[in-house]
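# Tertiary structure, described
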Amino acid sequence: MPLRGSYNGSSFFELLQLEHRHLLPDVTAWGQGTVEGVPHGTTVLAMRFGDGVLVAGDRLATAGHSVASRDVVKVFQTDPYSVMAISGAAGPCIEMARILSVELEHYEKIEGESLELEGKANKLAQMIRANLPAAMQGLAVVPLFAGYDTRRKIGRLWKYDITGGRYEEAEFDATGSGGIYARESLKHGWAADLGRDDAVRIAVAALTAAADEDRATGGVDLERGIYPVIRICTNAGQTEASEEEIAACYRTILEARTAGGNL
Amino acid sequence: MSMPFYVSPEQVMADKAEFARKGIARGKSIVAIEHQGGILLVAENATSLSKVGEIYDRIAFAGVGKFSEFDQLRKVGVRFADTKGYAYSREDVRGRGLANAFSQVMGEVFTREIKPLEIEIIVAEVGDDRYDDHKKNTIYRVKYDGFISDHPGFCVIGGNVDDVESVLKNDYSDGMPAGEAAKLARRSLDAGAERSSELDVASLEVCLLDRNRTGRKFCRLSTEEVQGMLNT
């Protein structure tokens, strides 16, 4: 532990880049060509609602046409007021979520106060940009980032592209292979002043719709007892929807379909 | 040709130690005290520059002496702990390893540099009941020359250690309620300062390592919260 290292700033990611290079992937050593056969995470969504923001993700990871994992977690709490949801190559995605959560805590400890929500979103954009060489080789990280802006008293969400492009969304968004179906479903149920319970309900409906149309999306698995992860950020902090609540929403959707002859 | 004066190593060390002690003696004291619900760190500090800070989940840091020097050390500690926790697991970041690393740095500066660090620090690690081998609290003190010691119960650093310690020695008991520990800490700091009136609550910096929290156990208490504790 040197008293004065080569890095004296407040970013953990930069600290790793400058002083602990071996803890980050060295994509330049991988050579040309794309990396095949790694697990990919599929559908995640985020939406604003009356009290804040909600982020949800199914639990399936696929490698090609096979199931890589049925219960992978793709929605991560990055600090008490923010969440990151990942789609893309699962390995680098999960690692980036880990680094981001250390990054936010590290900044807070070094500086004595947390970053602004926008600052957090921006930091993530820089990390995705640094991942571009890996993305070119097939290991893209395309997350959603959402949180409660404690200063402006609103929920906010951002989507990203592989170059680190950062786009704030005013309503909702979904990414991953089933993202298009999830977005379509959200479009029908979403309203700006939605209550928390309704937000959970339409999130489950959107993931169910995505799982119906996209074979790589898991949806709700009642038989195995595997449920999507749904995290909610409001002024009061962060909570997770219970499995019972998600199961109940799902059963209601199934009943409505059965009643309508739409199975 | 002029001959350089010979100064014996004993003399060099004694001079450096004297210099560091003088710097530290000018500062106010900090008390770390164990209680039922964790470890309380209380500093007499009316400024907005913190002397007590969070290092990791169960570990806190406190420093007296030159602010720039101990704050630099605190940041180095945060970098060390976060990197270790990222490379291994959060449970692998332990107070003893961190206190030893601080001791190495401070000892190194003391022997190699012309000017030693004019600081003294506390590394406090609160126990966690989830794991059998993490249950105990530990409080380490590291002096300006890297000398490290382990203090069960309570620990004092700063300007007037003896007077503060004598109050704590008399009145400290294991498993005190948090409010009692806070009152005792204030009383002991009072004894260390030459002033007639009681220490104002607003001039106390109080941080808590809360045993019952999950994850990050460090929290900084507001003046109202401190007042509430002292009123119990």
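Here the residue numbering is sequential within each chain, running from 1 through the sequence in written order. Think of it this way: whatever chain is written first is A, whatever ligand is written first is 1, and the rest follow in order. Totals for whole chains, interfaces and linings use every residue, but because this is a predicted model, local features are given only for residues with pLDDT of at least 70 and side-chain atom pairs only at 80 or more, for both listing and counting.

This next bit is on the overall build of chain B. Helix and strand counts for chain B come out as six helices and ten strands. Using C-alpha atoms as the atom set, the radius of gyration is obtained and then compared with a globule rule of 2.2 Å times the number of residues to the power 0.38. Taken over C-alpha atoms, the radius of gyration comes to 18 Å for chain B, in line with the 17 Å a tight globule of 232 residues would show. A principal-axis box enclosing the C-alpha atoms of chain B has dimensions of 75 × 50 × 30 Å. Summarising the internal contacts of chain B: among those between residues at least 6 apart in sequence, 66% fall at separations of at least 24. Under the scheme used here, helices are H or I runs from DSSP no shorter than 4 residues and strands are E runs no shorter than 2 residues, and both carry numbers assigned from the N terminus. Here contacts are defined at the residue level, using C-beta atoms placed from the backbone and a cut-off of 7 Å between them.

What follows is about the overall build of chain A. Of regular secondary structure, chain A possesses seven helices and 14 strands. The globule rule puts the C-alpha radius of gyration for 263 residues at 18 Å, and the 19 Å found for chain A is close to it. Its C-alpha atoms give chain A principal-axis dimensions of about 70 × 45 × 30 Å. A burial count over chain A gives 46% of its 263 residues as buried. Sequence-distant contacts in chain A: of pairs separated by 6 or more residues, those separated by 24 or more amount to 67%. Here a residue counts as buried when 20 or more other C-beta atoms sit within 10 Å of its C-beta, as exposed when there are 12 or fewer, and as partly exposed otherwise, the C-beta atoms being derived from the backbone.

Residues L54(A), A203(A) and L41(B) are the most contacted members of the largest nonpolar core, which totals 142 residues. The element best represented in this core is helix α6 (residues 196-213) of chain A, accounting for eleven residues. Excluding residues that lie within four positions of it along the chain, L41(B) makes contacts with I30(B), A32(B), V52(B), A60(B), A62(B), A124(B) and C207(B). One nonpolar core equals one set of buried Ala, Val, Leu, Ile, Met, Phe, Trp, Tyr and Cys residues connected by C-beta atoms within 7 Å.

Take the interface of chain B and chain A next. The interface is formed by 16 residues belonging to chain B together with eleven residues belonging to chain A. Broken down by secondary-structure element, the contributors of at least two residues to the side of chain B that touches chain A are α2 (67-87) and α3 (95-112) of chain B. A per-element tally of the side of chain B that touches chain A places α2(B) first, with ten residues. Any residue that is not Ala, Val, Leu, Ile, Met, Phe, Trp, Tyr, Cys, Pro, Asp, Glu, Lys or Arg is counted as polar, Gly included; the first ten are nonpolar and the last four charged. Taken together, the residues of the side of chain B that touches chain A break down into eight nonpolar, four polar and four charged.

Before going further, it helps to examine the sheet that holds strand β1 (residues 30-35) of chain B. In any sheet, the strands associate via hydrogen bonds between backbone groups, in a parallel or an antiparallel arrangement. All names here are of chain B. As summarised here, the arrangement of the five strands in space is β8-β1-β2-β9-β10, forming an open sheet in which the pairing is antiparallel. Of all strands in the sheet, those with a lone pairing partner are β8 (154-157) and β10 (218-220), marking the two edges. Each strand axis lies, on average, 15 degrees off the axis of its neighbour in the sheet, ignoring direction. We treat two strands as partners when DSSP finds at least two bridges between them. Taken together, the three bridges between strand β9 (residues 204-210) and β10 define a ladder with antiparallel strand orientation. Following the sheet pairing, L209 is matched in β10 by F218. Each of β1 and β8 touches helix α4 (residues 161-171); the most contacted strand, β8, lies at about 160 degrees to it. To get an axis, a line is fitted to the C-alpha atoms, and for a helix only the part in contact is used. The angle between two axes follows their N-to-C directions and goes from 0 to 180 degrees.

Glancing now at helix α5 (residues 178-192) of chain B. Given a helix with a known number of residues, its expected span is that number minus one, times 1.5 Å. The terminal C-alpha atoms of α5(B), which comprises 15 residues, lie 21 Å apart, in line with the 21 Å expected from a rise of 1.5 Å per residue. As for α5(B), its buried residues are in contact with β1, β2 (38-44), α4, β9 and α6 (223-231) of chain B.

The next point concerns helix α5 (residues 179-189) of chain A. The complete set of buried residues in α5(A) reads G179(A), Y181(A), A182(A), R183(A), S185(A) and L186(A). Its buried side turned inward, α5(A) meets β2 (44-49), β12 (172-175) and α6 of chain A.

Residue and element names in this part refer to chain B. The strand order β3-β4-β5-β6-β7 describes an open sheet built from five strands, whose pairing is antiparallel. Edge positions in the sheet fall to β3 (52-56) and β7 (148-150), since each of these pairs with one other strand and no more. In this sheet, neighbouring strand axes are inclined to one another by 25 degrees on average, regardless of whether the strands run parallel or antiparallel. By the bridge criterion, seven bridges tie strand β4 (residues 59-65) to strand β5 (residues 119-125) in an arrangement that is antiparallel. Across the sheet, the residue bridging to G63 is I121, located in β5. This element, α3, spans β3, β4, β5, β6 (138-142) and β7 of the sheet and lies at about 5 degrees to β6.

The next thing to look at is the packing of α4(B) against α5(B). Residue and element names in this part refer to chain B. Between α4 and α5, the shortest axis-to-axis distance is 7 Å and the interhelical angle comes to 145 degrees. Seen along the crossing, α4 lies across α5 with a hand that is right-handed. Note on element contacts: α5 touches α4 through L184, R187, S188, L189, A191 and G192, opposite D163, V164, V167, L168 and D171. For the contact of α4 with α5, the per-class residue count stands at six nonpolar, two polar and three charged. With the far helix as reference, a near helix turned anticlockwise by less than a right angle produces a left-handed crossing, and one turned clockwise produces a right-handed crossing.

Here we come to the environment of G9(A). You can see G9(A) is positioned in the segment before α1 (12-19). Sequence separation between G9(A) and R231(A) is 222 residues, and the spatial gap between their C-alpha atoms is 31 Å.

Residues and elements named next belong to chain A. With a phi angle near 60 degrees, K153 is a residue other than glycine that sits in the positive phi range. Relative to the helices and strands, K153 resides in the loop between β9 (144-149) and β10 (154-160). With 11 C-beta atoms counted inside 10 Å, the residue K153 sits in the exposed group.

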